[in-house]
Amino acid sequence: MVTDIRDAVHTVEAAAVMALLPARPRLLALGEPAHGEETLLGLRNELFRQLVEQAGYRTLAIESDCVKGLIVDDYVTSGTGTLDEVMEQGFSHPDLGFGTSAANRELVRWMRAYNDGRPAADRLRFAGFDSPLEITGAASPRQTLTALHGYLAAQVDADLLPCTAKTLDQLLGADDRWTDPAAMRDPARSVGQSAEAGRLRLLADDLLALLDAQAPHLAAATSRADLDRARLYGRTALGLLRYHFWMADTSPARMARMVGLRDQMMADNLLALARRGPTLVHAHNGHLQREKSSMRMRDQPLVEWFSAGALVSARLGEEYAFLATALGTLRHHGVDSPPPDTLEGLLYALPEDRHLVDVPRLASALGDTRPAHRESPYYGYASLDPSHLPGYDGIVFVKDVPDS
């Protein structure tokens, strides 16, 4: 069987990835089974460089705050700010070290150097595609809602606006009302179902409708980039208001709606990036998979929802492709050699350090054999579910991931 499996593996490089797919996808998603591992981030960087040089990819999107990501994009496209400032201010999830990662820093540095002196149409772009959410709660909608209002107020007649900036400010109130971390566990602490929040949600919808209605004028009066940024502000503001609404909910659907909304916001951002052009997407496998996602928290019932990858795949079809990443060992987190009867164990028995796996060929080699599902001793590492194999366009396997 090892010989048959060897026929399914290739070198991890852009040309081999493209050979697995029927055509160049607009969104090529590369998953990771654990966050914060420099080896996996370095592999992503190298694959992105090859995709830029060989396949015409021009955007990299990562699982980081979409609004903060604008800071990074401004730097790589036009040199706004300094590298230190961008790494400190342009990434979310500080608990996962996104902004302090050496590989992320090298990525941003390389993208800026690549763009230097190039025409705007050929420059690389950076995007965060996650919503402004952290484990402890959600951002206030103030930044995105007021940015959308400000963009429209500068370009359209005042009588077309559904409200003034002062009205927004009064309805929003103090930001710490929105960002109270206690609201994550206690719905009564959330302002998401207050009368003010309800009115803000209607106003956000009206502002987005006005943006769409005035799109021809706005595209001519500003720029396509400015209009796209205003759309990002609008969908993020409305998404946050929806999220806060469900944070205040006390029904059994509360958590399912919250996690589902996060992935829906991710999907909306990815679909907007797909319209821009070929994009490499990097995030946890769980956000990019085509199968339904699930989790169980403490004594709570099982929560199920569709991931961003499932939502995007339903819209784009073959223009969305997903490479899941699996690994052999993560010894610094107690993940030792995989059992030989697991999917990871079969690949770990091969001599090379890294593989790109052709999934249909792998399935043919396995025949009626169904690998066991590897149990992970580390909460931060998610092994591959063998039942998800039909939803993968390929698997990237890294044999040993050393401590960063």
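Description of the structure in this document. This one's a predicted model, so the numbers in the text were calculated from it and none came from an experiment.

**Here's the deal with the overall build of the protein chain**
In step 1: Each helix and strand counted, the protein chain has 17 helices and 12 strands in total.
In step 2: Its C-alpha atoms give the protein chain a radius of gyration of 22 Å, within 12% of the compact-globule value 22 Å for 404 residues.
In step 3: Sorting the 404 residues of the protein chain into buried and exposed places 53% on the buried side.
In step 4: Counted over contacts in the protein chain with a minimum sequence separation of 6, partners at least 24 positions apart contribute 77%.
In step 5: Of the roughly 17,800 Å² of accessible surface on the protein chain, 50% is carried by carbon and sulfur atoms.
In step 6: Taken as two groups, the 41 positive and 54 negative side-chain charges of the protein chain have centres that lie 4 Å from each other.

**Observations regarding the nonpolar core**
In step 1: Counting residues in each nonpolar core, the largest one holds 44 residues, and the members touching the most others are Leu28, Phe48 and Val108.
In step 2: Ranked by residue count, the leading element in this core is helix α3 (residues 38-55), at 7 residues.
In step 3: Beyond its immediate sequence surroundings of up to four residues, phenylalanine 48 is in contact with Thr59, Leu60, Leu107, Trp110, Met111, Leu124 and Leu280.
In step 4: One finds Ala324, Ala326, Leu366 and Phe397 within the second-largest nonpolar core, a separate group that totals 39 residues.

**Quick look at the pairing of strand β3 (residues 59-65)**
In step 1: Burial within β3 is extensive, with 7 of its 7 residues counted as buried.
In step 2: For β3 and strand β4 (residues 125-130), the ladder comprises 5 bridges, and the chain directions are parallel. For isoleucine 62, the partnering residue across the bridge sits in β4 and is glycine 128.
In step 3: Looking at chain direction, β3 and strand β7 (residues 279-284) are connected through 4 bridges and run parallel. Bridge pairing in β7 places alanine 61 opposite valine 281.

**Considering the sheet that holds β7**
In step 1: Spatial strand order, β1-β11-β12-β10-β2-β7-β3-β4: 8 strands in an open sheet with mixed pairing. With one partner strand each, in any of the chains shown, β1 (9-10) and β4 form the two edges of the open sheet.
In step 2: Summarising the sheet, strand β11 (residues 354-357) and strand β12 (residues 394-400) pair through 4 bridges and their orientation is antiparallel. By the bridge assignment, leucine 356 is partnered in β12 with valine 396.
In step 3: Contacting β2 (27-32), β3, β7, β10 (320-329), β11 and β12, α3 runs over the sheet at an angle of about 165° to β2.

**Quick look at the packing of helix α12 (residues 224-247) against helix α13 (residues 254-276)**
In step 1: Running from amino to carboxyl end, α12 crosses α13 at an angle of 170°, the nearest separation of the two axes being 9 Å. One finds that α12 runs roughly antiparallel with respect to α13. Side by side, α12 and α13 meet where Arg235, Thr236, Gly239, Leu240, Arg242, Tyr243, Trp246 and Met247 of the first sit next to Arg254, Arg257, Met258, Leu261, Gln264, Met265, Asp268, Asn269 and Ala272 of the second.
In step 2: For the contact of α12 with α13, the per-class residue count stands at 8 nonpolar, 4 polar and 5 charged.

**Quick look at the pattern of salt bridges**
In step 1: Enumeration over the complete set of coordinates arrives at 20 salt bridges.
In step 2: The closest approach of N and O atoms between arginine 49 and glutamate 106, which form a salt bridge, is 3.6 Å. Residue arginine 49 is found in helix α3, and its partner glutamate 106 is found in helix α6 (residues 102-115); the two are separated by 57 residues along the sequence.
In step 3: Glutamate 106 gets classed as partly exposed once you look at its relative accessible area, which sits at 30%.
In step 4: Measuring nitrogen to oxygen at the nearest pair gives 3.0 Å for the salt bridge that ties aspartate 74 to arginine 229. Of this pair, aspartate 74 sits in helix α4 (residues 69-78) while arginine 229 sits in helix α12; the two residues are 155 residues apart in sequence, bridging distant segments of the chain.
In step 5: Salt bridges sharing partners connect three or more residues here, namely Glu46, Arg49, Glu106 and Arg109.

**Topic: the environment of proline 132**
In step 1: Relative to the assigned elements, proline 132 resides in the loop between β4 and β5 (133-134).
In step 2: C-alpha separation for the pair proline 132 and serine 337, spaced 205 residues apart in sequence, amounts to 37 Å.
In step 3: Ignoring any residue separated from it by four or fewer positions in sequence, one finds proline 132 in contact with Asp65, Cys66, Val67, Ala138, Ala139, Thr236, Leu240 and Met265.

**Quick look at the packing of aromatic side chains**
In step 1: Enumeration according to the criterion identifies 6 aromatic pairs in this entry.
In step 2: Note on phenylalanine 91 and phenylalanine 126: the rings are 5.7 Å apart at their centroids and 65° apart in plane angle, and the pair reads as edge-to-face. Of the two residues, phenylalanine 91 sits in the loop between α5 (83-89) and α6 while phenylalanine 126 sits in strand β4, which places them 35 residues apart along the sequence.
In step 3: Overall, the relative accessible area of 6% leaves phenylalanine 91 in the buried class.

**Some details on the side chain of aspartate 130**
In step 1: The residue aspartate 130 is located in strand β4 in this model.
In step 2: Taking the relative accessible area as the measure of exposure, aspartate 130 reaches 0% and is therefore buried.

**Thoughts on the environment of tryptophan 305**
In step 1: Mapping tryptophan 305 onto the fold places it in strand β9 (residues 303-306).
In step 2: The spatial distance from the C-alpha of tryptophan 305 to the C-alpha of asparagine 285 is 14 Å, given a sequence separation of 20 residues.
In step 3: Residues in contact with tryptophan 305, not counting those within four places in the same chain, are Ala256, Val259, Gly260, Asp263, Lys292, Ser293, Ser294 and Met295.

The rules behind these values
Residues numbered from 1 in each chain as written. Predicted model: local features only at pLDDT ≥ 70, side-chain atom pairs only at ≥ 80, totals over all residues. Heavy atoms only, no water. Helix = DSSP H or I, 4+ residues; strand = E, 2+ residues; numbered from the N terminus. Rg over C-alpha atoms; globule rule 2.2 N^0.38 Å. Buried < 20%, exposed > 50% of the residue type's maximum accessible area, 1.4 Å probe, protein only. Contact = heavy atoms within 4.5 Å. Areas by Shrake-Rupley, 256 points an atom, 1.4 Å probe, with all protein chains shown as cover. Lys, Arg positive; Asp, Glu negative; His and termini not counted. Charge placed at Lys NZ, Arg CZ, Asp CG, Glu CD. Core = buried A, V, L, I, M, F, W, Y, C linked by side-chain atoms within 4.5 Å. Pairing = 2+ DSSP bridges. Axes fitted to C-alpha atoms, helices over the stretch in contact; angles between N-to-C directions. Parallel < 35°, antiparallel > 145°, perpendicular 65-115°, else oblique. Nonpolar A, V, L, I, M, F, W, Y, C, P; charged D, E, K, R; others polar. Salt bridge = Lys/Arg side-chain N within 4 Å of Asp/Glu carboxyl O. Phe/Tyr/Trp six-rings, centres within 6.5 Å; stacked < 30°, edge-to-face > 60°.

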